[in-house]
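# A closer look at the structure
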Amino acid sequence: EYNFREFSTCEATIQMLQKAAADGVETAFQRAAEMKACPIGADSACCKHCAMGPCRLNSKDPYSKVGVCGATIDTIAARNFARMVASGCAAHTDHGMSMLDVFREVVNGRIADYKIKDEEKLRSVAASIGIEVEGRETMEIAKDLYEELERTYTQVDGEIPFVSRVPKKTLETWRKHGVVPRGAMREIMEIMHRSHMGVDQDYENIVKQCSRTALADGWGGSMVATEISDILFGTPKPLVAGVNMGFLKEDHVNIIVHGHEPNLFESMIDSVNDPELVAKAKEAGAAGINLLGMCCSGAEVLSRHGVPHAGNFMSTEAVIATGAVDAMAVDVQCIKQALVQMSECYGTKFFTTNPRAKIEGAQHVEFHEHEPRKCTNKVVEMAIERFKNRPGRVVIPQRRDMGVHGFSHEYINYMLGGTFRGSYTPLNDNIINGRIRGVAGVVGCTNPRVKQDWVHVELVKELIKNNVLVVQTGCSQIALAKAGLMKPDAAVLAGDGLAEVCETVGMPPVLGCGSCVDNSRILIACAEMVRVGGLGESIADLPVAGAAPEWMSEKAISIGQYFVASGVFTVFGVTFPTIKETKFHKLLFEGLEQMGFGKWGFAADPYEMARMMIDHIDKKREALGIMG
Ligand code: SF4
Ligand code: FE2
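Predicted model, so just to flag it, every value in this text is computed and none were measured. Sequence order as written defines the numbering, with residues in each chain counted from 1. Chains carry letters and ligands carry numbers; both start at the beginning, A for chains and 1 for ligands, and go up in the order they are written. Totals for whole chains, interfaces and linings use every residue, but because this is a predicted model, local features are given only for residues with pLDDT of at least 70 and side-chain atom pairs only at 80 or more, for both listing and counting. Hydrogens and water are ignored here; the side-chain numbers use all heavy atoms of the structure.

So, about the side chain of Ser538. Mapped onto the elements, Ser538 comes out in the loop between α21 (519–532) and β14 (544–548). By relative accessible area, which is 6% here, Ser538 ends up buried. Between two residues, a contact is recorded if the distance between any of their heavy atoms is within 4.5 Å. Those residues in contact with Ser538 that sit more than four places away from it in its chain are Lys169, Thr170 and Val530. In this text, helices come from DSSP runs of H or I with a minimum length of four residues, and strands from runs of E with a minimum of two, each type numbered from the N-terminal end. The classification of residues rests on relative accessible area computed with a 1.4 Å probe and restricted to protein chains. Under 20% of the type maximum is buried, over 50% is exposed, and intermediate values are partly exposed.

Next up, the structure:
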């Protein structure tokens, strides 16, 4: 009864949604269609922060009512927003904390399975926060780096270490408004306190703490996650890699790792290459073991090692319907609870691995960084078992999309500047001479309330057509990879200026930077653009814009807020949790910009979104005197 083409533009996903429906299994697409979003909640016009409520305001006439305590629509919406920022920031910083835990144990010599793989990166990160590196041993530097970065979380007063990377004028704006993060734990604690019933009831003051908390994500927890992962597992360099379900192999044991923390994935790579396990798989009649990623940890290993990626967030249920997935191992974030039942239907072995994320009915095989292979070997063994007794038919959509992934900010530096004058100067030059109009970050989730991938793809096509260079992370990057835009020859879809730069450098018009925490790479790239000069003094001066066209998670709100607080105009699609006529909405969408920050924008339509971003870029170009 459903037209699955309305749910998605991903052919593999559509095919599997049809198969699932024929098999009598439903997915989030059907559940979304059947359950309309609550209109009061969508407008953030309800409050359940105490037992005098829950209170519902009238979103058509937002100032006609207040909550039982007297809370206005601005207070209620700002508090709801604050808690989304808190949760999103907590997710990214807790992920960064896990990476830091591994790093500490590596430095202390208590972990044997991981080591410092990228010493050069270790040195450059240490130097960037003022640690002496000249003539010092790697392990000495690493100890200092650990101690410094721990302050990102635990510091109660002062400024987090990576503010040293923030352009001076941007930092001045933060200091002026009192939004420089002290430590992530402190900021998250304070925002939870302030959004409690009866505490902070001034939406402007609440938004300040939203910025401070979100900045502890972007320039804090997320940046720590990215930098430590690079140090431990290697900094990505461009490589050709494949995306889509066609990388499942019927005659292999197929294992998917889905989640966010790369340590699980790195150990799984070791396990699937273990000769003993490969031999076991062959004994079971398989040609070998085939490992794929999904979601963000998948995007990281796609970038670092070229491990194929099966699909983004809205394909995680669909991929199970292939019947080809022998095991799916998950860790944290974006794991739909429905995957357990879906896996049951198709006989896929589904494993939770992280003590912070168990799912009722799922088999839990706990992952410990001290003995990571215990968990990952077990998953492989169980996958081999399942391969031996595959129930039902296997149908693999034959879609494979090759592209170039792995554009770290270091590599962008190198690529544009060449070995000896590695810098962002050529990028800035091309922006100033007008070949490149500006840079857009297009990132974030997919959401069953819109046609999967469509908004991402149309937006990006429109941007590159107008000579805007696009940088990407997360599920958005996977959407564009499936659309074929990660290939250098996609430059034919770009405007003349951008196409010329792409052809000269040999790069695609769309640069994949990795996972959601790797949005921190985009922040660093922005800081570099300011540092090399010619494009203003703060991030807010740059001709750049950001978008999360199909966002769904609280993490996305935290990301949006840290980009806005860093000075970037950031447009979200799908829906936005504010009411247009309210003071809180006007602060996010206009007021913040007047204070020297960026601002929020909203458009559900990709062409409208592109127009808003391009207009903004043009406005910034004009202010810089580089029009035309
Ligand atoms: Fe209602 Fe105020 Fe309680 Fe919220 S805090 S539920 S608005 S009484
Ligand atoms: Fe993610």
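Attention shifts here to the coordination of the iron ion (ligand 2). Atoms are scored as donors when they are N, O or S and lie within 2.8 Å of the metal, with 3.2 Å used for Na, K and Ca; no water is included, so coordination may look incomplete. Ligation of the iron ion (ligand 2) by protein atoms is provided by His260 (NE2), Cys296 (SG) and Cys516 (SG), these donors lying 2.3 to 2.6 Å from the ion. In primary-sequence terms, the residues that donate to the iron ion (ligand 2) follow H-x35-C-x219-C. Within this pair, whereas His260 is found in the loop between β4 (253–258) and α10 (262–272), its partner Cys296 is found in helix α12 (residues 295–305), the two being separated by 36 residues in sequence. Residue classification places His260 among the buried residues on the basis of a relative accessible area of 3%. Residue Cys296 is classed as buried on the basis of its relative accessible area, which comes to 1%.

To continue, consider the packing of helix α8 (residues 184–194) against helix α9 (residues 203–233). Helix axes are fitted only over the stretch in contact, all axes being lines through C-alpha atoms; the angle between N-to-C directions runs from 0 to 180 degrees. Contact pair α8 / α9: the axes reach a minimum separation of 9 Å and the direction vectors enclose 155 degrees. The pairing of α8 with α9 is recorded here as roughly antiparallel in orientation. The element α8 and its partner α9 pack so that their crossing is left-handed. Across from Ala184, Glu187, Ile188, Glu190, Ile191 and Arg194 in α8, the residues of α9 making contact are Asn205, Ile206, Gln209, Cys210, Arg212, Thr213 and Ala216. Orientation is classified from the angle alone, with under 35 degrees giving roughly parallel, over 145 giving roughly antiparallel, 65 to 115 giving roughly perpendicular, and any other angle giving oblique. In a left-handed crossing the near helix is turned counterclockwise from the far helix by less than a right angle, and in a right-handed crossing that turn is clockwise.

Before going further, it helps to spend a moment on the pattern of salt bridges. Every case where a carboxyl oxygen of Asp or Glu lies within 4 Å of a side-chain nitrogen of Lys or Arg is listed as a salt bridge. What the rule picks out here adds up to 43 salt bridges. The closest approach of N and O atoms between Asp518 and Arg521, which form a salt bridge, is 3.4 Å. Each member of the pair, Asp518 as well as Arg521, carries the same accessibility label: buried. The residue Arg531 makes a salt bridge to Glu528 at a minimum N-O spacing of 2.8 Å. Of this pair, Arg531 and Glu528 are both found in helix α21, three residues apart, which corresponds to roughly one turn of the helix. Relative accessible area serves as the criterion here: at 60%, Arg531 is assigned to the exposed category. By sharing partners, the salt bridges in this structure join Lys121, Arg165, Glu227, Asp230, Glu300, Arg304, Glu410, Asp518 and Arg521 into a single network.

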